[in-house]
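Reading the structure
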Amino acid sequence: MLLLWYASFLTSIITLAFGIFRRSWLLMLISTITFIPIASYFFGANSAVKYVGLTSIIFLLLTVFFWFSDRKTKAI
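Presented here is an overview of the structure given in this document.

Reading the values: the criteria
Residues numbered from 1 in each chain as written. Predicted model: local features only at pLDDT ≥ 70, side-chain atom pairs only at ≥ 80, totals over all residues. Heavy atoms only, no water. Patch = residues over 30% accessible without salt bridge, like charges linked within 9 Å, V, L, I, M, F, W, Y side chains within 5 Å. Areas by Shrake-Rupley, 256 points an atom, 1.4 Å probe, with all protein chains shown as cover. Salt bridge = Lys/Arg side-chain N within 4 Å of Asp/Glu carboxyl O. Helix = DSSP H or I, 4+ residues; strand = E, 2+ residues; numbered from the N terminus. Buried < 20%, exposed > 50% of the residue type's maximum accessible area, 1.4 Å probe, protein only. Phe/Tyr/Trp six-rings, centres within 6.5 Å; stacked < 30°, edge-to-face > 60°. Expected span 1.5 Å × (residues − 1). Arc of directions from axis to C-beta.

The next subject is a nonpolar patch on the surface. The grouping of Trp 25, Leu 26, Ile 30, Leu 60, Val 64, Trp 67 and Phe 68 at the surface amounts to a nonpolar patch, some 600 Å² of accessible area in total. Elements that contribute at least two residues to the nonpolar patch include exactly α2 (25-42) and α3 (55-75). Considering the arrangement of structural elements, one finds Trp 67 in helix α3. For Trp 67, a relative accessible area of 34% puts it in the partly exposed group.

Before going further, it helps to spend a moment on the packing of aromatic side chains. Applying the stated criterion across every chain yields a total of 8 aromatic pairs. Look at Trp 5 and Phe 9: their rings are 6.4 Å apart centre to centre, the planes differ by 10°, and that puts the pair in the stacked class. Within this pair, Trp 5 and its partner Phe 9 are both found in helix α1 (residues 2-22), separated by 4 residues, close to a single helical turn. With centroids separated by 6.0 Å and ring planes inclined at 70°, the aromatic side chains of Trp 5 and Tyr 41 adopt a geometry described as edge-to-face.

Every α-helix carries 3.6 residues per turn, so stepping three or four residues along brings you back to the same face. Between its first and last C-alpha, α1 extends 30 Å over 21 residues, near the 30 Å set by a 1.5 Å rise per residue. Along α1, the positions that sit buried rather than exposed are Ser 8, Ser 12, Thr 15, Leu 16 and Gly 19. One side of α1 holds all its buried residues, which, seen down the axis, span an arc of 115°. Relative to its buried face, α1 has exposed residues pointing more than 90 degrees away, namely Leu 2, Leu 3, Leu 10 and Phe 21. In the segment just after α1, Arg 23 is the residue with positive phi, at about 55°.

See below:
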């Protein structure tokens, strides 16, 4: 089980780096989806660590931003 958690985390970080570098909404969406199991694990914490779970929302906002900026450039 821990191996799957690490694989999800590694995939999320790699696609996040490539998604920001290329400004790709698709890679950011993959990063958001693969970070959801990690975020749900940290929501159960009783300390300030539970705010790590909010990073998936930040990833989703970046995805929407990149999607809108991509649509805007294609329309011009």
